[in-house]
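Survey of secondary and tertiary structure
One-letter residues, chain by chain:
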Amino acid sequence: MRIARFVVDAEPQYGLVEGEAENPQADSDDLEVVVLHGDPFFQGIQPTSTRHRLADVRLVAPIIPRSKIVGIGRNWADHASELGNAVPDSPQFFLKPNTSVVGPGEPVTLPAWSEQISYEAELAVVIGTICKDVPAERVDDVVFGYTVGNDLTARDAQKSDLQWARAKGFDGACPLGPWIETGLTSADTEDLGIRMELGGAVVQDGRTSDMVFGVKEIVSAVSQAFTLLPGDVILTGTPAGVGLVEGGQRTEATVEGIGTLTTLFRR
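Residues numbered from 1 in each chain as written. Predicted model: local features only at pLDDT ≥ 70, side-chain atom pairs only at ≥ 80, totals over all residues. Heavy atoms only, no water.

The chain appears in an unreviewed UniProt entry as 2-hydroxyhepta-2,4-diene-1,7-dioate isomerase from Citricoccus zhacaiensis.

Structural notes on the side chain of Glu197
Along the chain, Glu197 turns up in strand β15 (residues 193–198). Since its relative accessible area comes to 18%, Glu197 is described here as buried. One polar contact links Glu197 to Arg195, side chain to side chain, over a distance of 3.2 Å. What Glu197 contacts, discounting residues up to four positions off in sequence, is Val202, Val203, Arg250, Thr251 and Glu252. (Helix = DSSP H or I, 4+ residues; strand = E, 2+ residues; numbered from the N terminus. Buried < 20%, exposed > 50% of the residue type's maximum accessible area, 1.4 Å probe, protein only. Polar contact = N/O pair within 3.5 Å; in protein donor to acceptor, adjacent residues only side chain to side chain. Contact = heavy atoms within 4.5 Å.)

What about the packing of aromatic side chains?
Per the counting criterion, the structure on display carries five aromatic pairs. Taking the centre distance of 4.2 Å and the plane angle of 25° together, the rings of Phe41 and Phe144 count as stacked. A residue pair is termed long-range when its members are at least 10 positions apart, and Phe41 in helix α2 (residues 40–43) and Phe144 in strand β12 (residues 143–150) qualify at 103 residues. Like Phe41, the residue Phe144 is buried in the burial classification. (Phe/Tyr/Trp six-rings, centres within 6.5 Å; stacked < 30°, edge-to-face > 60°.)

Focus: the pattern of salt bridges
One pass over the full model with this rule turns up 17 salt bridges. A salt bridge links Asp56 to Arg53, with the nearest nitrogen and oxygen atoms 2.9 Å apart. Across the salt bridge formed by Glu115 and Arg267, the nearest N and O atoms sit 3.8 Å from each other. Of this pair, Glu115 sits in the loop between β9 (107–109) and β10 (117–118) while Arg267 sits in the segment after β19 (259–266), and the two are 152 residues apart along the sequence. The two residues Glu115 and Arg267 agree in class, both being exposed. Here the residues in one salt-bridge network are Lys96, Glu120, Asp151, Arg155 and Lys168, joined through shared partners. (Salt bridge = Lys/Arg side-chain N within 4 Å of Asp/Glu carboxyl O.)

Points about the sheet that holds strand β18 (residues 250–255)
Taken in spatial order, the five strands make up an open sheet running β9-β19-β18-β15-β16, and their pairing is mixed. Every interior strand has two partners, whereas the edge strands, β9 and β16 (201–207), have only one. Each strand axis lies, on average, 20° off the axis of its neighbour in the sheet, ignoring direction. By the bridge criterion, three bridges tie β9 to β19 in an arrangement that is parallel. Looking at β19, one finds that Thr109 is bridged to Arg266. (Pairing = 2+ DSSP bridges. Axes fitted to C-alpha atoms, helices over the stretch in contact; angles between N-to-C directions.)

Section: the state of the cysteines
Evaluated as defined, the whole model comprises zero disulfides. Lacking any disulfide linkage, Cys131 is separated from the closest cysteine sulfur, that of Cys174, by 18 Å. A relative accessible area of 9% places Cys131 in the buried class. Among the residues examined, Cys174 registers a relative accessible area of 0% and is labelled buried. (Disulfide = S-S within 2.5 Å.)

Below, the structure written as structure tokens:
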């Protein structure tokens, strides 16, 4: 199932997206959204009798984490290499604030203090229940679903600052969407295609089978460091091919079996 958050009549709601298309910007006429009762993270997935054409509503970020977004750094050997970094022996963490989250199609204003904002297409894990010290074999029990992330990074600040908080956490630095796919298991995520297009040209093209650490290892490791809460998001890393964006450009990040996340940029 694909769980989305959307706005209609100025009221944000959760809904169940029905239809076959994966890109809501391009294929919204082929999709419908069934309104859910309440918050599915705490009340379960309860469809109502109300439905809308997806073209008639505005999708927003499928989740605004109440607690945190955890990023995994250098989790693809080719990406680590292109930036001149070694592959780590264990998952490396950084945090993004929830104020960095924007939804599909929402514009990101590039910060004035950076001239080097880079895109990173990523598989994102959405946690469904409070948990701590989760064994790898129990990861599926705590995952609500998966979405697409774009881990925007200010490369100049990443190099100059002692910590990555500014480089990774500025407003708009974490586009998420277009929805949360709940029908995948961790085993299903072991060989998914990840692609990024910039202005219609493919700039990243990889498969999750090339990740250094898979979803089970990542979620287990993160849960050893932090108590995870419903709605927390874990970004699993990006393949090689990262590059810079400018005002007026758009990116489209696609994860196979989940969907396409479009992000617009402005100065």
